[in-house]
Amino acid sequence: LLSILSTLHSEDSRVIPLLGNVDALRALIARHPRRVQLAKDPAFGAEMAVLLLSNSQWQQAKAQEEEQQRAQQEELNRQQMMQQRMAQNPPPALIPNAPWFYTDPNGQVQGPFGGN
């Protein structure tokens, strides 16, 4: 991690006040476990940062996640709208003993539009 921090400091001086030491870099990496993971180097035993997702991969994953959330929200909204419509306009009640219904020879109730 020290080599990463040194490179950051040498390439952009604005990083120095933000990431002043290795612990600050370690804390930053710990906040993004899906993008970067800390590991021990088996040969030297030093702490390394392993890049799990590049910026483009992370942006793609984030866009897919947002699209899924938007689709779920739209589905939920659609279901709520349907429930509200059903509550406002209940289907007409079926009255099997009304005069326009009759029982056929098989014992099934038939209505004016071919039975339901």
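The text that follows walks through the structure, step by step, so that each part is easy to find. A quick note: this is a predicted structure, and the numbers were derived from the prediction, not measured. (Residues numbered from 1 in each chain as written. Predicted model: local features only at pLDDT ≥ 70, side-chain atom pairs only at ≥ 80, totals over all residues. Heavy atoms only, no water.)

1. Here we look at the overall build of the protein
Then comes step 1: Within the protein one finds 4 helices and 4 strands.
Then comes step 2: When the elements of the protein are put in sequence order from the N terminus, they spell out α-α-α-β-β-α-β-β.
Then comes step 3: Out of the 116 residues in the protein, the part that is buried amounts to 11%.
Then comes step 4: Taking the intrachain contacts of the protein between residues at least 6 apart in sequence as the baseline, contacts between residues at least 24 apart amount to 14%. (Helix = DSSP H or I, 4+ residues; strand = E, 2+ residues; numbered from the N terminus. Buried < 20%, exposed > 50% of the residue type's maximum accessible area, 1.4 Å probe, protein only. Contact = heavy atoms within 4.5 Å.)

2. Notes on the packing of aromatic side chains
Then comes step 1: Summed over the entire model, instances satisfying the criterion amount to 0 aromatic pairs.
Then comes step 2: We note Arg35 situated over the ring of Trp58; from NZ or CZ to the ring centre the distance is 4.4 Å. (Phe/Tyr/Trp six-rings, centres within 6.5 Å; stacked < 30°, edge-to-face > 60°. Lys NZ or Arg CZ within 6 Å of the ring centre and 35° of its normal.)

3. Topic: the pairing of strand E1 (residues 36-40)
Then comes step 1: Two elements, E1 and strand E2 (residues 47-51), share 5 bridges in a ladder whose sense is antiparallel. When the bridges of E2 are listed, Val36 appears paired with Leu51.
Then comes step 2: In this antiparallel pair of consecutive strands, E1 and E2, the connection spans 6 residues, and Gly45 shows a positive phi of 75°. (Pairing = 2+ DSSP bridges.)

4. What to know about the environment of Ser3
Then comes step 1: As for its position among the elements, Ser3 is in helix H1 (residues 2-11).
Then comes step 2: On the basis of relative accessible area, Ser3 is assigned to the exposed category, the value being 54%.
Then comes step 3: In this structure, the C-alpha to C-alpha distance between Ser3 and Val22, residues 19 residues apart in sequence, is 9.6 Å.

5. With respect to the environment of Thr103
Then comes step 1: You can see Thr103 is positioned in strand E3 (residues 102-103).
Then comes step 2: A residue is classified by how much of its surface remains accessible, and Thr103, at 54% relative accessible area, is exposed.
Then comes step 3: Setting aside chain neighbours within four positions, we find Thr103 in contact with Gln108 and Val109.

6. Focus on the pattern of salt bridges
Then comes step 1: Counted under the stated rule, the structure contains 7 salt bridges.
Then comes step 2: Across the salt bridge formed by Asp12 and Arg14, the nearest N and O atoms sit 2.8 Å from each other.
Then comes step 3: According to the relative accessible area criterion, Asp12 is partly exposed, its value standing at 25%.
Then comes step 4: When the shortest N-O distance is used, the salt bridge between Glu74 and Arg70 registers 2.3 Å. Of this pair, Glu74 and Arg70 both sit in helix H4 (residues 55-88), 4 residues apart, roughly one helical turn.
Then comes step 5: With relative accessibility at 45%, the residue Glu74 sits in the partly exposed group.
Then comes step 6: A relative accessible area of 40% places Arg70 in the partly exposed class.
Then comes step 7: A single network of salt bridges, built from pairs that share partners, joins Asp23, Arg26 and Glu47. (Salt bridge = Lys/Arg side-chain N within 4 Å of Asp/Glu carboxyl O.)

7. Regarding the nonpolar core
Then comes step 1: Counting 6 residues, the largest nonpolar core is built from Leu1, Leu5, Val15, Leu19, Leu25 and Ile29.
Then comes step 2: In this view, Val15 contacts Leu8 and His9; residues no more than four positions away in its chain are not counted. (Core = buried A, V, L, I, M, F, W, Y, C linked by side-chain atoms within 4.5 Å.)

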